[in-house]
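Close look at the chain arrangement
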Amino acid sequence: MPDTAPDIKATAAAPDGSRPVVSVLVISYNTREMTLDCLCSLRDQTDTPHEVIVVDNNSSDGSAGAIAAEFPEIDLVARPDNLGFAGGNNLAATRARGTYILLLNPDTVVLDHAIDRLVAFAERRPEAGIWGGRTVFADLSLNPACCWQRMTLWNTFCRTSGLTAIFRGSTLFNAEAYGDWQRDSERAVDIVQGSFFLIRRAFWNELGGFDPGFFMYGEEADLCLRARARGAQPRMTPEAQIVHYGGAAEKVRADRMVKLLAGKMGLINRHFPAWQKPLGRALFTAYPLTRMIATRTVGAVTGKPETRDSAATWTDIWARRRDWKGGY
């Protein structure tokens with residue numbers, strides 16, 4: 001596989017022609033209209049000198065051509081293949097010139113100068129090493145996926161046993177999602193999600209970027225955990241806020257969950273202490289099984305179509321366990 005195969009390319013430059021402070025990396029895959037909206041909001045809401053590098057992972061919806069037509073100033077690499085999120089960002093980062101690298105999902109909208117605010121936050125808190133902001137859904141309600149606590153045996157047990165689903169607001173039983181914290185205060189976090197993820201380019205290079213073993217999901221968690229091992233203390237701020245729709249490139253929930261489960265199993269394989277790995281893998285493997293049993297039972301009792309649909313999804317995920325139980 002060649003490192004690059006750009007059939008569409010524009011010159012990268014900060015809007016005023018100066019060296020960029022931040023290189024914004026966007027990985028596009030069949031999200032044409034969302035990607036165009038994202039790039040429009042980025043342009044309209046960002047004053048910090050920046051460049052934008054888009055890697056299109058062989059979209060079939062005309063994304064690359066539309067981006068090239070509407071944003072000729074963007075450095076666009078149109079791939080003949082799908083490198084995934086990790087591979088796409090690793091490629092884009094090799095072209096970056098900014099002091100900072102910002103990973104920005106294509107299914108996002110930049111609000112109220114969020115990138116400017118996030119860069120300013122990084123300048124105030126340089127010890128963090130990695131910085132993130134608050135994400136909301138289209139109706140501006142909280143999208144809590146902007147940050148996470150690392151996986152542990154305890155929170156894996158809570159997820160598999162159903163305690164997390166029953167006590168979603170609990171910091172004890174839903175520790176991985178930080179309980180009912182509304183992401184409305186600045187704090188240190190274990191993991192900043194890759195949808196809105198700022199890091200110094202020198203530190204990204206020191207870490208070697210994303211582990212290419214992760215195709216999609218889990219790569220930013222792995223990077224944050226490796227960064228923490230080198231002394232970083234990732235932080236998030238509610239001052240920088242974006243809309244993140246979530247899951248736009250993967251329409252079928254079962255397909256998305258298979259990739260997500262593979263990513264999480266990869267994190268267990270790479271980051272759990274050796275003595276915890278067998279139990280961690282066993283507990284996590286049982287998670288889709290317990291979800292399948294629970295949704296089937298509730299669906300049979302209530303007869304609700306949405307519960308039956310959920311049961312069918314989890315049944316499909318469990319049937320495909322060979323695709324995820326080994327991890328990436």
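Refer to the structure printed above.
Report follows, based on the coordinates. (Residues numbered from 1 in each chain as written. Predicted model: local features only at pLDDT ≥ 70, side-chain atom pairs only at ≥ 80, totals over all residues. Heavy atoms only, no water.)

What about the overall build of the protein?
Check the secondary structure of the protein and you find 11 helices and 12 strands. In terms of overall size, the protein behaves like a compact globule, its C-alpha atoms giving a radius of gyration of 20 Å where 328 residues would be expected to give roughly 20 Å. When the backbone C-alpha atoms are referred to their principal axes, the protein occupies close to 60 × 40 × 40 Å. Within the protein, contacts between residues at least 6 apart in sequence are counted, and of these 79% link residues at least 24 apart. In the structure as shown, the protein presents an accessible area of about 13,900 Å², 54% of it carried by carbon and sulfur atoms. One finds the centroid of the 38 positive side-chain charges in the protein at a distance of 9 Å from the centroid of its 37 negative side-chain charges. (Helix = DSSP H or I, 4+ residues; strand = E, 2+ residues; numbered from the N terminus. Rg over C-alpha atoms; globule rule 2.2 N^0.38 Å. Contact = heavy atoms within 4.5 Å. Areas by Shrake-Rupley, 256 points an atom, 1.4 Å probe, with all protein chains shown as cover. Lys, Arg positive; Asp, Glu negative; His and termini not counted. Charge placed at Lys NZ, Arg CZ, Asp CG, Glu CD.)

Describing the side chain of Glu220
Mapped onto the elements, Glu220 comes out in helix 8 (residues 219-229). At 8.9 Å, Lys264 is the nearest oppositely charged side chain to Glu220, a buried residue that forms no salt bridge. One polar contact links the side chain of Glu220 to the main-chain amide nitrogen of Gly194, over a distance of 2.9 Å. Residue contacts for Glu220: discarding those within four places in its chain leaves Ile191, Val192, Gln193, Gly194, Phe197 and Phe210. (Buried < 20%, exposed > 50% of the residue type's maximum accessible area, 1.4 Å probe, protein only. Salt bridge = Lys/Arg side-chain N within 4 Å of Asp/Glu carboxyl O. Polar contact = N/O pair within 3.5 Å; in protein donor to acceptor, adjacent residues only side chain to side chain.)

Some thoughts on the packing of aromatic side chains
Any two aromatic rings considered together are summarised by their centre-to-centre distance and by the angle between their planes. What the rule picks out here adds up to 10 aromatic pairs. Each ring, one from Tyr178 and one from Trp181, has its centre 5.6 Å from the other, and the planes form 85°; the classification is edge-to-face. According to the relative accessible area criterion, Trp181 is buried, its value standing at 10%. Seen in terms of ring centroids, Phe214 and Tyr328 are 6.1 Å apart; in terms of plane orientation they differ by 75°. Their pairing is edge-to-face. Of the two residues, Phe214 is situated in the loop between helix 7 (201-207) and helix 8 and Tyr328 in the segment after helix 11 (305-319); the sequence distance between them amounts to 114 residues. A connected cluster of aromatic rings, assembled from ring pairs, spans Trp154, Phe157, Phe167 and Phe173. Stacked on the ring of Trp181, the Lys or Arg Arg187 has its end atom at 4.4 Å from the ring centre. When the ring centre of Trp148 is taken as origin, the NZ or CZ atom of Lys264, which lies over that ring, is 5.9 Å away. (Phe/Tyr/Trp six-rings, centres within 6.5 Å; stacked < 30°, edge-to-face > 60°. Lys NZ or Arg CZ within 6 Å of the ring centre and 35° of its normal.)

Things to note about the pairing of strand 6 (residues 130-136)
In the case of a regular strand, side chains alternate between the two sheet surfaces. Most of strand 6 sits inside the fold, with 7 of its 7 residues counted as buried. Here strand 6 runs beside strand 11 (residues 196-200); their pairing, made up of 3 bridges, is antiparallel. Across the sheet, the residue bridging to Ile130 is Ile199, located in strand 11. Alignment of strand 6 against strand 12 (residues 235-244), held across 6 bridges, turns out to be parallel. The residue of strand 12 that forms the bridge with Gly133 is Thr237. (Pairing = 2+ DSSP bridges.)

Side note on the pairing of strand 3 (residues 75-78)
Residues Asp75 and Val77 line one face of strand 3 and the alternating positions Leu76 and Ala78 line the opposite face, and both faces are buried. In this structure, strand 2 (residues 50-56) lies alongside strand 3, joined through 4 bridges in parallel fashion. Counterpart to Val55 in the pairing with strand 3 is Val77. Traced from strand 2 through helix 2 (residues 63-70) to strand 3, the parallel crossover comes out right-handed. (Right-handed = clockwise from strand over helix to strand, strands pointing away.)

A word on the environment of Ala114
With respect to the helices and strands, Ala114 occurs in helix 4 (residues 114-124). Exposure remark for Ala114: the relative accessible area of 0% places this residue in the buried category.

With respect to the packing of helix 8 against helix 9 (residues 253-271)
The N-to-C vectors of helix 8 and helix 9 enclose an angle of 25°; their axes lie 10 Å apart at closest approach. Relative to helix 9, helix 8 is oriented roughly parallel. Judged by the twist between their axes, the crossing of helix 8 over helix 9 is right-handed. Contacts from Ala221, Asp222, Leu225 and Arg226 in helix 8 reach Leu267, Arg270 and His271 in helix 9. (Axes fitted to C-alpha atoms, helices over the stretch in contact; angles between N-to-C directions. Parallel < 35°, antiparallel > 145°, perpendicular 65-115°, else oblique. Left-handed = near helix turned anticlockwise from the far one by under 90°.)

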